[in-house]
Amino acid sequence: MNPFQFTRANTPQAAVLAVSKESGAYFLAGGTNLIDLVKREVVIPERLVDINRLPLATIEETASGIRIGAMAKNSAVADHPLIKKHLPLLSMALNAGASAQLRNMATVGGNMMQRTRCPYFYDHSMPCNKRGPVQSGPSKGQPNGPAGCGAIGGVNRMHAIFGTSEKCIAVHPSDMCIALAALDATVNVTGPKGNRSIHFAEFHRLPGDAPQKDNTLLPGELILSVDIPKNELGKYAHYLKVRDRTSYAFALVSVGVAADMKGKTIQDIRLAMGGVAHKPWRLKEAERYLKGKEATLENFKQAATLAMQGAKGYGENDFKLTLAPNSIIEALQIATQTV
Amino acid sequence: MENENNAGEPESTGASRRAFLKQSSVLAAFALTPPAAVHAVEKGLDEKVAVAFEQQPLRVEVNGVAQQLSVEPRVTLLDLLREQLSLTGTKKGCDHGQCGACTVHVDGQRVNSCLTLALTTEGSKVTTIEGLGSVDKLHPMQEAFIKHDGFQCGYCTPGQIMSAVACINEGHANSPDEVREYMSGNICRCGAYANIVEAIMEVKSKGGRI
Amino acid sequence: MKNEKNPPLDRVDGRMKVTGGAKYFADFAIPNMTYCVIVGSTIARGTITSVDTKKAQGAPGVLGVFTHQNMPPIPGWDGPASKQADGPPPKPDTEEKYRILSSPKILFDGQPIAMVVADTFERATYAASLVKATYSKQTTRTDLEKHKKDEITPRGGDYARGDAKAFESAPVQLESEYTIPIEVHNPMELHGIIAHWTGADQLMVYAKTQGVNSTQQAMAQAFKLDPKNIHVHTEFMGGGFGMGLRTWPQETATVAIAKKVGRPVKLVMHRSQMFTMVGHRPYTAQSIQMGADKNGKLVSIHHAATAETAKYEDFTEATVNMTKFMYDCPNVSTRYRLVRLDRSVPIWMRGPGEATGAFALESAMDEMAHKLNMDPIEFRLKNYSETDPEHNRPYSSKHLKEAYERGAEAIGWKDRKNEPGKSKEDNWLAGYGMSTGVFNAFRWEASARVVLNADGSLVVQSAVTDIGPGTGTALTMIAHNVLDIPFERIKVEYGDTSLPKAPSQGGSAIVSAVGSAVFDTCTKIKNDLFELATKAGAPLAGSKAADLSIENGNVFISNDSSKKVAITELLKANNLPSIAQTADSKGSAELEKYSMYSFSVHFVKVKVNALTGAVRVTKAVSVADSGRIVSPKTAASQMIGGVTGGIGMALTEEAIIDHRYGRFVNNNFADYHVAVHADVPAIETIFIDKPDPIINPMGAKGMGEIALIGFSAAVANAVFNATGKRIRQLPITPDKVMQEA
């Protein structure tokens, strides 16, 4: 790691000030991704602002739903009685990610800020548009490796099939965010210009022409909490993660399902997919189709077909064009207990 | 220390650095032009200057012993334990949070010490394998690992044991399958998993926090 | 010597390992230690046009930056090197020569271009990141599939018996192709070395090596030193699996740099460097042609394999050997080729060659059984080789039939449906598979020293390294069985060149080799005791040694245990503080008359999700026919370890190269998937545990390799049985297994 300064922040305002006044300053939460990025010289910080002592780890019931502090650890959220009772999909998704140790370190805010696991992003000798130009540090002004997308035409088995651009086909690695996308969460942030809320669907972005930007946060903005509205989707929930080993691996495809059922009829349903796009991929078409319908294999197949509209393979990841709809069907069957 | 400042300005914990800056106005000019150490060296300044710039104080309790240390911000808890505190029981297997060999407890929680900056443990209690039990007085989990032969080469073992203890205390050891899932962050290349699960289930069956 | 089944014994080094007290090479602290970090090339073939080390040299704490421009010479590099020495022996026919940091030429991805030494690990790491190189890049060839036509024929040649055309007229024919990807040993312990010059020509090395004597020899040659001036220590090693069977160039370079820097140097490599600098299991493409008659008798087998190697060294392994003798088949031929690529050189990885070959042969056996509509075990029994058809000589021992029977019983083979895709469990498809494994049982030369102290305690010494299988525990058992000294009074010292010479730990040969040395040495001590007990004036004077036994700390007359004398008394009476003996041990010429192999049978049950392609091994049974089991407890762990490695080989492990750049894209533990806890079910291990009458006095054959060999085929066969899908390319990942909804 390059040498950098280290500061502890005691208030969110202090943290925001420290990060926004100096280019090359980063918030340090659990560090499970950031320290990895610094070790791999993808991030070359001048200062890390330790926000672990900020009083933002509360998990509480509010009038409209549940609020989770940005500094709540992934494991604390997954095991919290409120979450297990009302938002089992979130608990399942969290437990499907990383390892018990990493979940003890990683925070909810940090999880949202995870960078892609695309190998080209990490290897400076291979092309990647996502690294962007280096803004600071010892290599200031030098391009941080060649531009281009190594994954297009390269090893892209893990890559996106939705919402890609010519610049980038990387996927967002988070499991937790798939649940938050499905559950219509809102992200509360503070920044140099004050507080604001961002709907989860608007939080992460597609690569487009600026793949270096994962999300819509403005410089210096800090995540404070996440609000998840009350819903009746607790009982019929499942997070299915298909991966290359049984645990501790990133998703080839994952599917989050939360449904409200009356008998065999789907009253309401939320569906989102991971491992397929630069952001958590909400399946609104499929949701609309399933609402009010019977939980049957035929309906699930039709929903999966609708969900796959616009999907595009890049060679090695063509299998996802089959695996994704299969996984939707499997997840729906498990969630609605129709298997 | 962390409560000194309520005014919004983040506080640098670099007490020695602050003291140093007071002494030297020349160096103060560099302080805001990080990475300070590199610049210091580029200017041909004495290396001790660079060290003073880089190191910050750290108060942490390790295996019950209060430590007052001075460490660079970039030093991980893993390297601090191994290279500065001679606690080499904690192992480096990947240095990127991908294998679990470096698992220790910070305030009772299992974490990957390779991704934990040492300075973030300020005021915390760290427990390593050396603090769990000794050759003469083994921890029940250490006993169980020997009984069930939960290792071969032994390199991942300290991490497995620290993780196993936490797995039970977290309440995630209610069945062999649950143990397998919640221990999956600890890779064992010799492949002792089946025996490790037996060891954990046996300790778990005796009940209580361990 | 008792010839009974041995009791389970806790691992003798267990307490050290569970308390963090066991010291692996990187755990040793030496005053004034410095830290070395390697900078690897980012291209796989070409030339360094510039390497800028100025920033690195100026960074805080840096003591040296070594590149091809200033690397200190290694005097013995180009002398007549042995096969264990640094770098390969110069061969006239290899295209290139690789000597670390000696030329701007790049021969493989990740090749060291600089080694940076600083006073802390953090500073060395950062300084290494400041080294910048430019390259003139050449066309990169790393894809074996694309360059098969460039094959070369390594030494050894092809094998054939019988009629080469028999296949053409065989009533039932099978032709299949199989590939295994690059697999990487990835022991948990990172590779490296501590080099400490304790004098001008005195070297102390803490190494990660499977053989301290081999490292000592390599360093002696490299630095033109008398081996006795080189002390190598590896008491504990965090796994090897073959990667520690040679001294790698960066180890030698670290030693040279330590001399130049004048301080001890510690090198701990980065995990990503474990993919490029310490060998791997080579990508291998295989094909099998198999002919049988309608009754299931094999007519012919042809087994061909093409494997990758480096441009600078031909690495060969016994990929096709098993096919020559495993089954009773009149017409057999094998063919083995190499393709030299812009890759670092492979090295033996657990079950070397045979594990690769067994995947093909044992998959093909399953495919043929299916074609014949026969049970796969029945098909194997029909073609069982009672004697070795390759060498036309008997096996020293072979209880494979019993292994098939007991394994089938344990897994519940009777519940298997021969027709695939017919069983369901929890809405997943379920299937059973089995396979056979085999590996040479060796008897190498080794020596040991044993000291019996006057207090009745025993010290057993050998330079052998214990990389994990429990060598110390096995040697304790052997010494105990000869002298009946209580386990807790026996201490085994190993892993250090100050101790009697031993072969490197590999080839499943250590219990046979070093164990025999310990057996022979303990027997000498026993004879010494018998002599002391029976000499004139001694308590058992007049008795013949042949009539004596030793038990419970006493020497006694075998048929009258009341006539006895304590060992401690014997030493005391003779004023002996201890009795020490040293013995060399090697097999007799008699061994040449036999084919000596260990055998294994693997059974697995899998469940497969047809929609997601997920495969779970839900039950595994492995049976070993490896002679007398010396240490049942640690041996069982070795077996379950092989199964676990086999699950990884079958389902998850693959090092992936982007061939446009010749660089790995998953050179880390997150993306190179070794099996984790959740991948591995409870495993049943069964030992036939019948002593081999030929190989050594313990009757023990090796078992480290057979624990893995064949396992991947058992999984592939089970996946076929569950789904009807035959996967011939490892690993069997979800994308290969899933079926259209």
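Residues numbered from 1 in each chain as written. Chains lettered and ligands numbered in written order. Predicted model: local features only at pLDDT ≥ 70, side-chain atom pairs only at ≥ 80, totals over all residues.

For chain A, the name recorded in an unreviewed UniProt entry is Xanthine dehydrogenase family protein subunit M, with Dyadobacter luticola as its organism.

Peer 1: How do you make sense of the overall build of chain C when you look at a structure like this?
Peer 2: Across its full length, chain C carries 15 helices and 31 strands. Computed over its C-alpha atoms, the radius of gyration of chain C comes to 27 Å, within 12% of the 27 Å expected for a compact globule of 741 residues. With the C-alpha coordinates of chain C rotated into their principal frame, the extents come out at 85 × 75 × 50 Å. Evaluated residue by residue, chain C yields a buried proportion of 63% over its 741 residues. Here the analysis covers contacts within chain C between residues at least 6 apart in sequence; of these, 81% occur between residues at least 24 apart. (Helix = DSSP H or I, 4+ residues; strand = E, 2+ residues; numbered from the N terminus. Rg over C-alpha atoms; globule rule 2.2 N^0.38 Å. Buried ≥ 20, exposed ≤ 12 C-beta atoms within 10 Å, placed from the backbone. Contact = placed C-beta atoms within 7 Å.)

Peer 1: So what exactly am I meant to see when it comes to the sheet that holds strand β1 (residues 34–40) of chain C here?
Peer 2: Pairing between the strands of a sheet comes from backbone hydrogen bonds, and it takes one of two forms, parallel or antiparallel. Residues and elements named next belong to chain C. With respect to topology, 7 strands assemble into an open sheet ordered β3-β5-β1-β12-β9-β10-β11, the strand pairing being mixed. On the outer flanks of this sheet lie β3 (62–66) and β11 (230–233), each paired with one strand and no other. Recorded for the sheet is a direction-independent mean angle of 20° between the axes of neighbouring strands. In the sheet, strand β9 (residues 192–199) pairs with strand β12 (residues 265–268) via 4 bridges, with the strands oriented antiparallel. The residue bridging I194 from the neighbouring strand is K266, located in β12. Across the sheet, helix α4 (residues 212–223) lies against β10 (202–207) and β11, angled at about 145° from β11, the strand it touches most. (Pairing = 2+ DSSP bridges. Axes fitted to C-alpha atoms, helices over the stretch in contact; angles between N-to-C directions.)

Peer 1: Teacher, can you tell me more about the packing of helix α10 (residues 471–483) of chain C against helix α11 (residues 510–534) of chain C here?
Peer 2: Helix packing geometry: the angle between the two helix axes and the distance between the axes. Residues and elements named next belong to chain C. The N-to-C vectors of α10 and α11 enclose an angle of 30°; their axes lie 9 Å apart at closest approach. If you check the angle between α10 and α11, you find them roughly parallel. With respect to the hand of their crossing, α10 and α11 are arranged in right-handed fashion. Contacts between α10 and α11 involve T471, A474, L475, I478, A479, V482 and L483 on the former and, on the latter, I510, V511, V514, G515, V518, F519, C522, T523, I525 and K526. The class makeup of the residues in the contact of α10 with α11 is 13 nonpolar, 3 polar and 1 charged. (Parallel < 35°, antiparallel > 145°, perpendicular 65-115°, else oblique. Left-handed = near helix turned anticlockwise from the far one by under 90°. Nonpolar A, V, L, I, M, F, W, Y, C, P; charged D, E, K, R; others polar.)

Peer 1: In this structure, what is going on with the domain arrangement of chain C? I would like to understand it.
Peer 2: Put simply, an interface is often sized by how much accessible area is lost when its parts join up. All names here are of chain C. Domain assignment breaks chain C into domain 1 (32–139 + 188–239 + 244–275), domain 2 (284–442 + 592–737) and domain 3 (444–586). Between the C-alpha centres of domain 2 and domain 3 the distance comes to 38 Å. Counting residues at the interface gives 19 residues for domain 2, matched by 16 residues for domain 3. Of the residues assigned to the side of domain 2 that touches domain 3, the class counts are 10 nonpolar, 7 polar and 2 charged. (Domains from an automatic or database assignment.)

Peer 1: Explain the interface of chain B and chain A here, please?
Peer 2: Every contact between the two is made by 38 residues of chain B and, on the other side, 37 residues of chain A. For the side of chain B that touches chain A, the secondary-structure elements that each account for two or more residues are β1 (11–12), α3 (36–42), β5 (109–112), α8 (157–170) and α9 (176–182) of chain B. Looking at which element gives the most residues to the side of chain B that touches chain A, the answer is β5(B), with 4 residues. Of the residues belonging to the side of chain B that touches chain A, the class tally is 12 nonpolar, 17 polar and 9 charged.

Peer 1: Is there a simple way to explain helix α7 (residues 140–147) of chain B in this structure?
Peer 2: Helical periodicity: at 3.6 residues per turn, an α-helix aligns residues three or four positions apart in one direction. Buried within α7(B) we find B:M141, B:Q142, B:A144 and B:F145. The arc that holds the buried residues of α7(B), viewed along the axis, is 160°, so those residues lie on one side. Elements that come into contact with the buried residues of α7(B) comprise α6 (129–132), α8 and α10 (193–205) of chain B together with α1 (14–18) of chain C. Residue B:D149 follows α7(B) closely and has a positive phi angle near 50°. (Arc of directions from axis to C-beta.)

Peer 1: Teacher, can you tell me more about the pairing of strand β5 (residues 65–69) of chain A here?
Peer 2: Successive residues of a regular strand alternate their side chains across the two faces of the sheet. Direction of pairing for strand β4 (residues 59–61) of chain A relative to β5(A): antiparallel, over a ladder of 3 bridges. Bridging from a neighbouring strand, A:E60 pairs with A:R67 of β5(A).

Peer 1: Quick question: what am I supposed to make of α10(C) here?
Peer 2: Residue and element names in this part refer to chain C. End to end, α10 covers 18 Å across 13 residues, agreeing with the expected 18 Å (1.5 Å per residue, within 8%). Counting buried positions along α10 yields 13 of 13 residues, so the element is predominantly enclosed. Looking one or two residues past α10, D484 carries a phi angle of roughly 55°, positive in sign. (Expected span 1.5 Å × (residues − 1).)

Peer 1: Help me understand the sheet that holds strand β20 (residues 446–453) of chain C, please; the structure alone is not making it clear to me.
Peer 2: All names here are of chain C. Judged by pairing direction, the sheet is mixed, and its 4 strands sit side by side in the order β22-β21-β20-β26 without closing on themselves. If you trace the sheet from one side to the other, it starts and ends with β22 (490–494) and β26 (578–585), each paired once. This sheet shows a mean twist of 15° between the axes of neighbouring strands, independent of strand direction. Packed on one face of the sheet, α10 meets β20, β21 (458–462) and β22 and runs near 135° to β22. Strand contacts of α11: β20, β21 and β26, with the helix running at about 140° to β26, the strand carrying the most contacts.

Peer 1: I'm lost on the pairing of strand β4 (residues 103–106) of chain B in this one. Help?
Peer 2: Residue and element names in this part refer to chain B. Here β4 runs beside β5; their pairing, made up of 4 bridges, is antiparallel. Counterpart to V106 in the pairing with β5 is Q109. Remark: 2 residues form the turn of the hairpin made by β4 and β5, two consecutive strands paired antiparallel; D107 in that turn has positive phi of roughly 50°. With 2 bridges joining them, β4 and strand β6 (residues 125–127) adopt antiparallel strand pairing. Pairing of H105 across the sheet is with T127, part of β6.

Peer 1: Explain the interface of chain C and chain B to me, please; I cannot follow it from the model alone.
Peer 2: Each partner contributes to the interface: chain C provides 52 residues, whereas chain B provides 54 residues. Of all the elements in the fold, those that place two or more residues in the side of chain C that touches chain B are α1, α3 (121–129) and α13 (632–651) of chain C. Broken down by element, the side of chain C that touches chain B gets its largest block of residues, 8 residues, from α13(C). Here the residues of the side of chain C that touches chain B sort into 25 nonpolar, 17 polar and 10 charged.

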